[in-house]
Amino acid sequence: MAPALARTRKVFVFDHLGFGQSDQREGQDLSLAAHARNLARLFDHWDLSCPSVVAHNIGGAVALRTLLLEETTYRDLTLFDAVSGGEWERGLFQLILEHADVFQQLPDYAHEALVASHMRHATHVGFQPEVLDAFLAPWRGAAGQAAFYRQYRQIRQADTAAYENLLGGMSIPVRLIWGREDRILPPKYAEWLHASIPDAELHWIEGAGHLLQEDAPGQLSALPTAGALRPVRRGRPGAGATHQGHDPDTAETRHG
């Protein structure tokens, strides 16, 4: 997705602390609130005053917290299959929250099988073997296993509930993109978010699951570059800035 956006924009891509290639160690604050503070500091470090932001999964919650509670300004926001609010502490996630110490003691083969199964659950069309290996790599070995459950036990619904009452006052254009077959965050979460944000666009991608970047990369990449988002008709001052048009110098920040 980043290469497609980079044809017309300057793109910044990063890993959240504790994820991907970023630092993984005990004692890290990996809450959504901490990720939002880190993102606000990254914008300052990069000297981005009004970026377009694209976010996926927990990156959606981080982007919304950064906008609504960290007083950061966006040009516009695109969220795809994103944690955003409502009742999302459920299923495997809830089990890990309640029994993190037990999961952390799983034998390495059982841990890897669980993570691989969870990743497969996130795609509707399946992975190429090398893609699944790339997703699993940060969570392998003793350090990776500890990091996996460390971040799970710190991500809490309370950190999205803190801004839910502000969603209705958002004053920037918002585009929502959702896989119709998402089993991690089923369509009801897209409908809830669409109803919560005035004038937000909602685009469905048929035959795709939670990982749109794997299931429908072409359709996903086309939507954030499909032209100006609709202007909003109302909003709470300070929730963001409204800028229309396609500016090739606009920074596109992607995270998820």
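Note that the coordinates shown come from a computational prediction; the quantities given were computed from them, not determined experimentally.

A. Layout of the packing of helix α6 (residues 108-121) against helix α7 (residues 129-136). Where α6 contacts α7, the axes come no closer than 10 Å and their chain directions differ by 120°. Viewed along their axes, α6 and α7 adopt a mutual orientation that is oblique. Read as a crossing pair, α6 and α7 show a hand that is right-handed. Contacts between α6 and α7 involve E112, V115, A116, M119 and R120 from the former and L132, F135 and L136 from the latter.

B. Representation of the pairing of strand β5 (residues 201-205) within the structure. Note: strand β4 (residues 174-179) against β5, five bridges, orientation parallel. When the bridges of β5 are listed, L176 appears paired with L202. Crossover handedness for the path β4 to helix α10 (residues 187-196) to β5: right-handed.

C. Quick look at the nonpolar core. Of all hydrophobic cores here, the largest spans 56 residues; its most connected members are Y74, L77, L79, L167, M170 and V174. With seven residues, the single largest contributor to this core is helix α3 (residues 58-69). Counting 11 residues, the second largest nonpolar core, distinct from the first, contains V54, F80, I177 and I205.

D. Representation of helix α2 (residues 32-46) in the model. A rise of 1.5 Å per residue sets the reference length of α2, with its 15 residues, at 21 Å; its end C-alpha atoms lie 21 Å apart and thus fit the reference within 8%. One or two steps after α2, the chain reaches D47, where phi turns positive at roughly 60°.

E. Representation of the environment of A134 within the structure. Within the fold, A134 resides in helix α7. Of the residues examined, A134 reaches a relative accessible area of 51% and is grouped as exposed. The spacing of A134 and G20 is 114 residues in sequence and 9.3 Å in space, taken between C-alpha atoms.

F. Molecular detail of the pattern of salt bridges. Summed over the entire model, instances satisfying the criterion amount to nine salt bridges. For R140, the salt bridge identified is with E112, shortest N-O distance 3.0 Å. Of this pair, R140 sits in the loop between α7 and α8 (141-152) while E112 sits in helix α6, and the two are 28 residues apart along the sequence. The partly exposed category is assigned to R140, whose relative accessible area is 33%. For E112, a relative accessible area of 30% corresponds to the partly exposed category. Close ionic contact of E201 with R175 constitutes a salt bridge, the shortest N to O distance being 3.1 Å. With E201 in strand β5 and R175 in strand β4, this pair connects stretches of sequence that are 26 residues apart. Comparing E201 with R175, the two get one shared label, buried.

Definitions and cut-offs
- Residues numbered from 1 in each chain as written.
- Predicted model: local features only at pLDDT ≥ 70, side-chain atom pairs only at ≥ 80, totals over all residues.
- Heavy atoms only, no water.
- Axes fitted to C-alpha atoms, helices over the stretch in contact; angles between N-to-C directions.
- Helix = DSSP H or I, 4+ residues; strand = E, 2+ residues; numbered from the N terminus.
- Parallel < 35°, antiparallel > 145°, perpendicular 65-115°, else oblique.
- Left-handed = near helix turned anticlockwise from the far one by under 90°.
- Contact = heavy atoms within 4.5 Å.
- Pairing = 2+ DSSP bridges.
- Right-handed = clockwise from strand over helix to strand, strands pointing away.
- Core = buried A, V, L, I, M, F, W, Y, C linked by side-chain atoms within 4.5 Å.
- Buried < 20%, exposed > 50% of the residue type's maximum accessible area, 1.4 Å probe, protein only.
- Expected span 1.5 Å × (residues − 1).
- Salt bridge = Lys/Arg side-chain N within 4 Å of Asp/Glu carboxyl O.

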